[in-house]
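# Structural overview for review
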Amino acid sequence: GDSVTQMEGPVTLSEEAFLTINCTYTATGYPSLFWYVQYPGEGLQLLLKATKADDKGSNKGFEATYRKETTSFHLEKGSVQVSDSAVYFCALSPSNAGGTSYGKLTFGQGTILTVHP
Amino acid sequence: SAVISQKPSRDICQRGTSLTIQCQVDSQVTMMFWYRQQPGQSLTLIATANQGSEATYESGFVIDKFPISRPNLTFSTLTVSNMSPEDSSIYLCSVEEYGLIGTDTQYFGPGTRLTVL
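The text that follows walks through the structure, step by step, so that each part is easy to find. Think of each chain on its own: its residues are numbered from 1, step by step along the sequence as written. Each chain takes a letter, starting from A, and each ligand takes a number, starting from 1, following the order in which they are written. Local features are withheld for residues below a pLDDT of 70 in this predicted model, meaning they are given only at 70 or higher, and side-chain atom pairs are given and counted only at 80 or more; totals for whole chains, interfaces and linings count all residues. Heavy atoms throughout the structure, all of them, feed into the side-chain values; hydrogens and water do not.

## Section: the overall build of chain B
- Strands here mean DSSP runs of E at least two residues long; helices mean DSSP runs of H or I at least four residues long; both are numbered from the N terminus. Secondary structure summary: chain B contains zero helices and eleven strands in total.
- Traced from its N-terminal end to its C-terminal end, chain B shows the element sequence β-β-β-β-β-β-β-β-β-β-β.
- Note on method: radius of gyration uses C-alpha positions; expected globular size equals 2.2 Å times residues raised to 0.38. Relative to its length of 117 residues, chain B is compact, with a C-alpha radius of gyration of 14 Å against a globular reference of 13 Å.
- Principal-axis analysis of the C-alpha atoms places the extent of chain B at approximately 45 × 30 × 25 Å.
- Considering chain B as a whole, with its 117 residues, one finds that 50% of them fall into the buried category.
- Here a residue-residue contact requires only that any non-hydrogen atoms of the pair lie within 4.5 Å. Put simply, of all contacts in chain B between residues at least 6 apart along the chain, 53% involve residues at least 24 apart.
- Each accessible area value is a Shrake-Rupley result obtained with a 1.4 Å probe; residue values ignore everything except the protein chains displayed when judging cover. For chain B, the accessible surface area stands at approximately 5600 Å², while carbon and sulfur atoms represent 50% of it.
- Counted as positive: Lys and Arg. Counted as negative: Asp and Glu, with His and the chain ends omitted from the count. In plain terms, the charge of a residue is placed at NZ if it is Lys, CZ if Arg, CG if Asp and CD if Glu. Within chain B, the 10 negative side-chain charges are centred at a point lying 11 Å from the centre of the 7 positive side-chain charges. Think of it in three bands: residues with accessible area under 20% of the maximum for their type are buried, residues over 50% are exposed, and the middle band is partly exposed, with areas taken using a 1.4 Å probe on protein chains only.

Below is the structure:
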């Protein structure tokens, strides 16, 4: 079945450092890929998404590129801020060849990011 | 994106009792989902709820334990029955929004934090 594997956490960085959180997946067909973020005490928010190979999702300075050849969707940010401290989840949903996703999200285990001033 | 609310936001319950969680969306949606996030863990799909049909449960989840109602296109409930401390989790509902082809996305409610004593 489908699965998502994220890099082990927690990740601790100083403000303005470069961030990479690795995510790899196993899925059949053409999954859509997502990064969700959960700030302390809050619900899950969509950060960015990509629906086909070589697509780049971006939002709030974060980026991730859908790499089908390496089955990866690594999250990056050039300069993190204290306000980026949160738990980050990589996820996938199955899609058809046209890119229309349907139903169930499969999540990675989450990566805790702490950014110090 | 759809605005999703959940009630209650948190509750502390005694073992053996049941709790019904409500999920309200500000627009009509076809597919609604219920997830569980156990402490320090990732999200796991409990079931998919489509209006007018029985909910579809994932492996490891059964209707007797987690009955779901979906009376219309903007509302759903999840009941956690005969609770035990192992049911202590955050329960989240989500909806799938259909945009342009390739942009279908799930959005999440704020979650219900349940503690069972």
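Moving on from the model shown.
## Section: the environment of Leu13 of chain A
All names here are of chain A.
- With respect to the secondary-structure elements, Leu13 resides in strand E2 (residues 11-14).
- Along the sequence, Leu13 and Thr114 sit 101 residues apart, while their C-alpha atoms lie 6.4 Å from each other.
- The contacts of Leu13, once residues within four sequence positions are left out, are Phe18, Leu19, Val80, Leu113, Thr114, Val115 and His116.

## Some thoughts on the environment of Phe61 of chain B
- Along the polypeptide, Phe61 of chain B turns up in the loop between strand E6 (56-57) and strand E7 (68-72).
- In this structure, the C-alpha to C-alpha distance between Phe61 of chain B and Thr20 of chain B, residues 41 residues apart in sequence, is 16 Å.

## Let's talk about the sheet that holds strand E9 (residues 75-77) of chain A
Residue and element names in this part refer to chain A.
- Taken in spatial order, the four strands line up as E3-E9-E8-E7 in an open sheet, and their pairing is antiparallel. Bordering the open sheet on either side are strand E3 (19-21) and strand E7 (56-59), each of which pairs with just one other strand. On average, adjacent strands in this sheet sit at an angle of 15° to one another, irrespective of strand direction.
- When DSSP finds at least two bridges between two strands, those strands are taken to pair. Sheet topology places strand E8 (residues 62-65) next to E9; three bridges connect them, and they run antiparallel. What sits directly across from Phe62, in E9, is Lys77. The axes are straight lines fitted to the C-alpha atoms, using for helices just the contacting stretch, and the angles between their N-to-C directions are given from 0 to 180°.

## Brief notes about the sheet that holds E7 of chain B
Residues and elements named next belong to chain B.
- Strand order across the open sheet formed by four strands is E1-E3-E8-E7, with antiparallel pairing between neighbours. Looking at strand neighbours, the two that pair on one side only are strand E1 (4-7) and E7, the edges of this open sheet. Looking at each pair of strands side by side, their axes are set apart by 15° on average, direction ignored.
- Two strands pair when backbone bridges link them, and E7 and strand E8 (residues 75-80) are joined in this way by three bridges, in the antiparallel orientation.

Spatial relationships are all this shows, so hold off on functional conclusions.
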